[in-house]
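One-letter residues, chain by chain:
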Amino acid sequence: MRHALLGGLLVPARVPALAQVVQGRATDATGPAWLDPRTSLAADIKGAKVYRSLAPVFRAFGYDDADRVLVAPLFNHLWAVVYEADWAYEAYQLSDGEKPGLWWLEQFRSVLGTMELLDETVDARLDDLHAYFELETHLLAADTFDRDDLARAVRLRCSDIKAFTAVAAALTGRPWARELSTLIGPMMSFIDLEDDLRSTTEDAAEGSFNTYNLAVRRWGETDGRRWLDEVGSGLLHETAARLSRVSPRALQAMWVVLGRPGSDTAARRLRVAASRPRRLLLTGLRRKLLEGAPRPFEPHWRSLDTPGGGR
């Protein structure tokens with residue numbers, strides 16, 4: 001038996017209480033139990049902004065506007081906790097004070113475990129997020145590091161997005177949605193790289209982690225930028241290579257992702273446009289990913305941006 005939430009989102013029977021949990025129906029009148037510990041207003045705002053920026057991905061999974069409103073308290077909170085952890089690590093990196101604890105990781109596992117959404121994939125991505133924070137701290141303080149270290153940081157950096165899009169896919173009960181959440185992983189890492197190119201000056205002033213700034217510091221402007229351009233191109237080619245290994249429905253959903261739908265209507269139109277023979281769909285997707293790959297990256301490659309979104 002499947003349980004339908006408002007808006008038509010399918011929920012696996014193993015989490016039948018999701019509607020009550022997400023809507024905040026708890027014995028504690030102040031809010032859902034999984035909102036403890038409380039996050040700051042600043043983190044809540046940032047978390048909600050990330051969630052909004054990923055609306056095209058959620059639409060590709062089959063979420064409509066009503067669905068996304070319904071699950072917003074969960075995903076807003078998850079990303080708010082990410083920001084609290086990120087800021088704690090930044091403070092530690094700048095002051096060399098007390099190292100942050102792992103309360104945030106325990107919070108993720110408690111929340112998702114309670115909702116029976118902590119599968120092996122999600123758990124591994126949460127471990128990756130912890131590994132990223134540790135590696136980021138090392139790279140900022142290191143006098144020297146090699147390309148493998150920075151390349152690993154590039155891949156680990158958006159582990160939160162990989163974890164929580166896997167959660168979003170699992171909530172739909174659709175196997176092809178899980179395929180899509182895995183397929184877009186390298187592309188998400190690419191988008192993070194491009195984000196860094198746009199914020200090099202701001203990040204340098206704040207002492208924040210920035211892959212481009214680190215590469216330039218280590219290997220110089222020309223070699224550093226060239227190498228990271230190659231890393232970014234490799235991530236896009238990796239995404240393109242994965243296309244041939246997923247189901248037709250996952251390919252159609254990828255067409256929706258790359259179409260950046262700004263509304264449910266736009267997402268439906270993209271699904272209709274994606275109803276074409278597999279060979280033609282593969283060719284079109286590879287063209288969208290690879291043709292005109294910029295060196296250095298250009299703003300049009302921010303393929304998941306929506307107004308008011310982004311981190």
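S.K.: An account of the overall build of the protein is needed here, citing residue identities and associated values.
M.R.: When helices and strands are counted, the protein shows 16 helices and two strands. By sequence separation, contacts in the protein at least 24 residues apart represent 74% of the contacts at least 6 residues apart. For the protein, the accessible area works out to roughly 13900 Å², and carbon and sulfur atoms hold 53% of it.

S.K.: Describe the packing of aromatic side chains, naming the residues involved and giving the relevant values.
M.R.: This model, assessed by the stated rule, comprises 16 aromatic pairs. Between Tyr51 and Phe58, the aromatic rings sit 5.1 Å apart at their centres with planes inclined by 90°, giving edge-to-face as the arrangement. Residue Tyr51 shares its accessibility class with Phe58, and that shared class is buried. Aromatic pair Phe58 and Phe75: ring centres 5.2 Å apart, planes at 80°, arrangement edge-to-face. Pair noted here: Phe58 is in helix 3 (residues 55–61) and Phe75 is in helix 4 (residues 65–95), with a separation of 17 residues, a long-range link.

S.K.: So what about the nonpolar core? Which residues, and what values?
M.R.: Core analysis: the biggest nonpolar cluster contains 91 residues, and Phe75 and Met254 have the highest contact counts within it. With residues near it in sequence (within four places) discarded, Met254 still touches Leu180, Leu183, Ile184, Met187, Thr239, Leu243 and Leu285.

S.K.: Describe the confidence of the model for the protein, with residues and values.
M.R.: Averaged over every residue, the pLDDT of the protein is 83; the share at 70 or more is 82%. Overall, residues 293–311 carries pLDDT values under 50, and its contacts beyond four positions in sequence, including any with other chains, amount to 64 contacts.

S.K.: Kindly report on the packing of helix 5 (residues 103–114) against helix 6 (residues 120–141), identifying the contributing residues and their values.
M.R.: One way to put it is that helix 5 packs onto helix 6 with a least axis distance of 11 Å and a crossing angle of 170°. In terms of axis orientation, helix 5 runs roughly antiparallel to helix 6. For the pair formed by helix 5 and helix 6, the contact residues are Trp104, Leu105, Phe108, Arg109 and Leu112 on the first element and Val122, Asp123, Leu126, Asp127, Leu129, His130 and Phe133 on the second.

S.K.: Any details on the packing of helix 4 against helix 8 (residues 159–172)? Residues and values, ideally.
M.R.: Direction vectors running N to C along helix 4 and helix 8 enclose 165°, while the axes themselves pass 11 Å from each other. It follows from the interaxial angle that helix 4 and helix 8 lie roughly antiparallel. Along this stretch, helix 4 crosses helix 8, giving a crossing that reads as right-handed. On helix 8, the residues touching Phe75, Leu78, Trp79 and Val82 of helix 4 are Asp160, Ile161, Phe164, Val167, Ala168 and Leu171. Across the contact of helix 4 with helix 8, the residue classes tally to nine nonpolar, no polar and one charged.

S.K.: I'd like a rundown of the environment of Ala141, residues and numbers included.
M.R.: Checked against the element boundaries, Ala141 lands in helix 6. When the C-alpha positions of Ala141 and Leu94 are compared, they lie 9.5 Å apart, and in sequence the two are 47 residues distant.

S.K.: Could you give an account of helix 4, naming the residues involved and the relevant values?
M.R.: With 31 residues, helix 4 ought to run about 45 Å at 1.5 Å a step, and its terminal C-alpha atoms sit 43 Å apart, in line with that. At Ala72, helix 4 is bent by approximately 55°, the largest bend along its length, and proline Pro73 sits one to four residues beyond. With a side-chain oxygen positioned 3.1 Å from the backbone nitrogen of Ala66, the residue opening helix 4 is Asp64. Of the residues one or two after helix 4, Asp96 is the one with positive phi, at around 55°.

S.K.: Tell me about unusual backbone geometry, residues and numbers included.
M.R.: Of note, Arg260 is a non-glycine position whose phi angle comes to about 50°, a positive value. Tracing the sequence through the fold places Arg260 in the loop between helix 14 (248–259) and helix 15 (264–273). Its relative accessible area of 43% is what places Arg260 among the partly exposed residues.

S.K.: Tell me about helix 16 (residues 278–290), residues and numbers included.
M.R.: Under the 1.5 Å per step criterion, the end-to-end length of helix 16 is 18 Å for 13 residues, consistent within 8% with the ideal 18 Å. Every buried residue of helix 16 is listed here: Leu281, Leu282, Gly284, Leu285 and Leu289. Angularly, the buried residues of helix 16 cover 165° about the axis, an arc narrow enough to put them on a single face. Where the residues of helix 16 are buried, they touch helix 10 (185–198), helix 13 (221–242) and helix 14.

S.K.: An account of the pattern of salt bridges is requested, with residue identities and associated values reported.
M.R.: Where charged atoms from two side chains of opposite charge approach closely, those side chains can pair. Within the structure shown, the criterion is met by 13 salt bridges. When the shortest N-O distance is used, the salt bridge between Arg225 and Glu221 registers 3.4 Å. Taken as a pair, Arg225 and Glu221 lie in helix 13 at a separation of four residues, close to a single helical turn. A relative accessible area of 47% means that Glu221 is categorised as partly exposed. In this structure, Asp223 and Arg226 form a salt bridge, with 2.9 Å as the shortest nitrogen-oxygen distance. Of this pair, Asp223 and Arg226 both sit in helix 13, separated by three residues, roughly a single helical turn. Residues participating in the shared-partner salt-bridge network are Arg59, Asp65, Arg68 and Asp264.

How each quantity is defined
- Per chain, residue numbering runs from 1 following the sequence as it is written.
- Only residues with pLDDT of at least 70 are given local features in this predicted model, and only at 80 or more are side-chain atom pairs given and counted; all residues enter the totals for whole chains, interfaces and linings.
- Calculation of side-chain values draws on the structure's entire complement of heavy atoms; hydrogens and water are dropped beforehand.
- Helix and strand definitions here come from DSSP, where helices need a minimum of 4 consecutive H or I residues and strands a minimum of 2 consecutive E residues; each element is numbered from the N-terminal end.
- Only heavy atoms enter the contact rule, under which two residues are in contact if any of them lie within 4.5 Å.
- Note on areas: these come from Shrake-Rupley sampling with a 1.4 Å probe, and a residue is covered only by the protein chains present in the view.
- Between 30 and 60 degrees the pair is tilted, below 30 it is stacked and above 60 it is edge-to-face, where a pair is any two Phe, Tyr or Trp rings, Trp via its six-membered ring, whose centres lie within 6.5 Å.
- Think of it in three bands: with a 1.4 Å probe and only protein chains considered, a residue is buried below 20% of the maximum accessible area for its type, exposed above 50%, and partly exposed in between.
- Buried Ala, Val, Leu, Ile, Met, Phe, Trp, Tyr and Cys residues that are joined via side-chain atoms within 4.5 Å together make up what is termed a nonpolar core.
- Scored from 0 to 100, pLDDT records how confident the predictor is in each individual residue.
- The convention used is that axes are lines fitted to C-alpha atoms, helices contributing only their stretch in contact, and that angles between N-to-C directions extend from 0 to 180 degrees.
- Should an angle fall under 35 degrees it is taken as roughly parallel, and over 145 as roughly antiparallel, whereas 65 to 115 is taken as roughly perpendicular and any remaining angle as oblique.
- Note: crossing handedness is left-handed where the near helix turns anticlockwise from the far helix by less than a right angle, and right-handed where it turns clockwise.
- Note on residue classes: Ala, Val, Leu, Ile, Met, Phe, Trp, Tyr, Cys and Pro are nonpolar, Asp, Glu, Lys and Arg are charged, and everything else, Gly too, is polar.
- Here the expected span of a helix is defined as 1.5 Å times the quantity of residues minus one.
- The angle between axes fitted to the seven residues ending at a residue and the seven residues starting there is what we call the bend at that residue.
- Polar contacts here mean pairs of N or O atoms no more than 3.5 Å apart (in protein, one a potential hydrogen donor and the other a potential acceptor; neighbouring residues in sequence count only if both atoms are side-chain atoms).
- Note: the arc covers the axis-to-C-beta directions of the helix.
- By definition here, a salt bridge exists when the distance from a side-chain nitrogen of Lys or Arg to a carboxyl oxygen of Asp or Glu is within 4 Å.

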